[in-house]
Amino acid sequence: MRTVVMTGGTAGFGAVAAKRIFNTPNTKLILGARDSKNASIETLPLDLARLSNVRSFVQSLTKKLGGTKIDTLIMNAGAQFGTTKRRTGDGFESTFAINHLAHYLLLRLLTPSLAKNATIVITTSDVHDPKQVPFGPKELDPEVLAHPKNKGGFMPGIKAYASSKLCNLLTARAIEASSNAQTNGMRVIAYNPGLTPGTSLFRAWPWWAKLMMGVASRLRPVNTLEQAGNAIADLGLGTIVPPSGRIYASLVKGKLTWPDPSELAQSDTAMKELWVESAQMVGLPKQA
């Protein structure tokens with residue numbers, strides 16, 4: 001029996017993936033979410049905007065597992081806001097806190113519960129790369145991302161999202177390079193679903209930005225919810241295995257490709273600094 005734990009499985013392509021995983025024989029799926037939207041799938045309360053709730057979720061999950069190890073951990077939940085003015089109860093900028101810090105903490109706390117040869121999938125985005133979009137991050141300062149100056153306007157918000165996706169990719173690289181992952185044969189994948197209309201990610205955008213997204217959807221290659229959901233399910237279930245030496249999976253026109261991430265995403269210095277500073281922010285030792 002394979003045990004899969006997933007965030008971001010109640011809406012958009014995540015819901016497609018959750019249904020696919022749930023219907024896979026000999027597979028047990030547990031979702032972490034604020035609300036249970038599918039009564040047939042077991043769901044434990046998880047609010048990624050509160051680090052204390054991430055800890056509570058891990059405690060509840062550990063108790064429910066009763067010693068059973070996690071074979072697949074999929075961290076797919078994400079949020080995007082129109083500005084960088086929002087703060088979580090812990091005082092961090094909301095995009096950075098939800099997309100990166102909460103999942104970083106979740107990964108750190110669940111690492112002891114991962115099975116040998118476990119698979120970890122973290123959802124990132126091609127917007128982490130300035131060669132793909134003009135607002136992609138060219139530098140990384142975790143402290144500035146966690147506590148930015150209160151800037152209005154849409155662009156700071158979308159830049160914060162792009163930076164959080166860079167953080168997801170760097171976190172994936174860091175855990176893959178860890179001694180724990182190397183010793184236990186863990187498979188780590190940073191998954192870019194590409195431009196996928198129909199998700200709830202853009203609900204906080206202003207009307208004109210949504211209009212621009214509609215135009216972009218006609219000009220850029222797009223993926224359907226089914227394609228994006230099935231791809232992350234395939235990666236999580238091991239139906240599709242990364243080529244040797246590849247960690248970044250990018251969905252293009254419904255097909256998975258394995259390109260190089262951005263130059264900054266490949267920086268070992270940025271990877272290590274983010275890991276250490278994130279550990280300090282969530283109150284954990286820097287060593288995994």
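Refer to the preceding data block for the structure.
Definitions and limits used
- Residue positions are given per chain, counted from 1 along the sequence in the order it is written.
- Totals for whole chains, interfaces and linings use all residues, but because this is a predicted model, local features are given only for residues with pLDDT of at least 70 and pairs of side-chain atoms are given and counted only at 80 or more.
- Computation of side-chain values covers all heavy atoms of the structure but excludes hydrogens and water.
- A pair of aromatic rings is counted whenever rings of Phe, Tyr or Trp (Trp by its six-membered ring) have centres within 6.5 Å, and the orientation is called stacked for planes under 30 degrees apart, edge-to-face for over 60 and tilted otherwise.
- Secondary structure elements are defined from DSSP: runs of H or I of at least 4 residues count as helices, runs of E of at least 2 residues count as strands, and each element is numbered from the N terminus.
- Patch definition: residues above 30% relative accessible area lacking any salt bridge, with like charges linked at up to 9 Å and the nonpolar side chains Val, Leu, Ile, Met, Phe, Trp and Tyr linked at up to 5 Å.
- All accessible-area figures derive from a Shrake-Rupley calculation using a 1.4 Å probe, and residue coverage is judged against the displayed protein chains alone.
- Salt bridges are defined by distance alone: a side-chain nitrogen of Lys or Arg within 4 Å of a carboxyl oxygen of Asp or Glu.
- A residue counts as positive if it is Lys or Arg and as negative if it is Asp or Glu; His and the chain ends are not included.
- A charged residue contributes its charge at one atom only: NZ of Lys, CZ of Arg, CG of Asp or CD of Glu.
- Only protein chains enter the accessibility calculation, which uses a 1.4 Å probe. A residue is then buried if its area is under 20% of the maximum for its type, exposed if over 50%, and partly exposed in between.
- Between the N-to-C directions of two axes lies an angle of 0 to 180 degrees, each axis being a line fitted to C-alpha atoms and, for a helix, fitted only over the stretch in contact.
- Oblique is the label for any angle not under 35 degrees, not over 145, and not in the 65 to 115 range, which are roughly parallel, roughly antiparallel and roughly perpendicular in turn.
- Handedness of each helix crossing follows the sense of rotation of the near helix against the far helix: counterclockwise by less than a right angle gives left-handed, clockwise gives right-handed.
- Contacts are assigned to residue pairs that have any heavy atoms within 4.5 Å of one another.
- The nonpolar class holds Ala, Val, Leu, Ile, Met, Phe, Trp, Tyr, Cys and Pro. Asp, Glu, Lys and Arg form the charged class, and all remaining residues, Gly among them, are polar.
- Note on pairing: two strands pair once DSSP finds at least 2 bridges between them.
- Each helix should span, by expectation, one fewer than its residue count multiplied by 1.5 Å.
- Note: the arc covers the axis-to-C-beta directions of the helix.
- We define a polar contact as two N or O atoms separated by no more than 3.5 Å, with the added condition that, inside protein, one atom must be a possible hydrogen donor and the other a possible acceptor, whereas residues neighbouring each other in sequence contribute only through side-chain atom pairs.

Points about the packing of aromatic side chains
Then, in step 1: Here the structure, examined in full by the defined rule, presents two aromatic pairs.
Then, in step 2: Aromatic pair Phe13 and Tyr191: ring centres 6.3 Å apart, planes at 75°, arrangement edge-to-face. Here Phe13 is found in helix H1 (residues 12-22), whereas its partner Tyr191 is found in strand E6 (residues 187-192), with 178 residues between them in sequence.
Then, in step 3: With 5.0 Å between their ring centres and 75° between their planes, Tyr104 and Trp275 make a pair best called edge-to-face. With Tyr104 in helix H3 (residues 94-110) and Trp275 in helix H9 (residues 268-282), this residue pair connects regions lying 171 residues apart in the sequence.

Section: a negative patch on the surface
Then, in step 1: Together, Glu139, Asp141, Glu143 and Glu273 make up a region of like negative charge exposed at the surface.
Then, in step 2: Tracing the backbone shows Glu139 in the loop between strand E5 (114-123) and helix H4 (142-146).
Then, in step 3: A relative accessible area of 68% places Glu139 in the exposed class.

Focus: the packing of H1 against helix H8 (residues 225-237)
Then, in step 1: Here H1 crosses H8 at 50°, and the two axes come no closer than 7 Å. In terms of orientation, H1 lies oblique with respect to H8. Here the hand of the crossing between H1 and H8 comes out right-handed. Each of Gly12, Phe13, Val16, Ala17, Arg20 and Ile21 in H1 lies in contact with H8, whose residues at this interface are Leu225, Glu226, Ala228, Gly229, Asn230, Ile232, Ala233, Asp234 and Leu237.
Then, in step 2: Residue composition of the contact of H1 with H8, grouped by class: nine nonpolar, three polar and three charged.

Focus on the pattern of salt bridges
Then, in step 1: On inspection of all chains with the given rule, the structure shows seven salt bridges.
Then, in step 2: Here Asp234 and Arg20 are joined by a salt bridge, their closest N and O atoms 2.5 Å apart. Of this pair, Asp234 sits in helix H8 while Arg20 sits in helix H1, and the two are 214 residues apart along the sequence.
Then, in step 3: We classify Asp234 as buried; its relative accessible area is 13%.
Then, in step 4: Classification of Arg20 by relative accessible area gives partly exposed; the value is 28%.
Then, in step 5: For Arg246, the salt bridge is made with Asp260, and the minimal N-O distance between the two is 2.5 Å. Here Arg246 is found in the loop between H8 and strand E7 (248-252), whereas its partner Asp260 is found in the loop between strand E8 (255-257) and H9, with 14 residues between them in sequence.
Then, in step 6: By relative accessible area, which is 29% here, Arg246 ends up partly exposed.
Then, in step 7: Connected via shared salt-bridge partners are Lys28, Glu42 and Lys64.

Overview of the sheet that holds strand E4 (residues 70-75)
Then, in step 1: Taken in spatial order, the eight strands make up an open sheet running E3-E2-E1-E4-E5-E6-E7-E8, and their pairing is mixed. Pairing within the sheet leaves two strands with one partner each, and these edge strands are strand E3 (42-45) and E8. The sheet shows a mean angle of 25° between the axes of neighbouring strands, taken without regard to direction.
Then, in step 2: As judged from the three bridges shared by E6 and E7, these two strands associate in the parallel manner. Bridging across to E7, Tyr191 finds its partner in Ala249.
Then, in step 3: Contacts from H3 reach strand E1 (2-7), E4 and E5 within the one sheet, and its direction differs from that of E4 by about 170°.

Observations regarding H9
Turn by turn, an α-helix covers 3.6 residues, leaving residues three or four places apart pointing in a common direction.
Then, in step 1: With 15 residues, H9 should reach 21 Å at 1.5 Å per residue; the first-to-last C-alpha distance of 21 Å fits that figure.
Then, in step 2: Looking at H9, one finds that the buried residues are Ala270, Met271, Leu274, Trp275, Ser278, Ala279, Met281 and Val282. Along H9, the residues classed as buried sweep out an arc of 160° about the axis, all on the same side. In H9, the exposed residues that point more than 90 degrees away from the buried face are Thr269, Lys272 and Gln280.
Then, in step 3: The inward-facing, buried residues of H9 contact helix H2 (51-65), H3, H4 and helix H5 (154-177).
Then, in step 4: The backbone nitrogen of Thr269 has a side-chain oxygen 3.4 Å away, supplied by the residue at the start of H9, namely Ser267.
Then, in step 5: Directly beyond the C-terminal end of H9, a positive phi value near 80° is found at Gly283.

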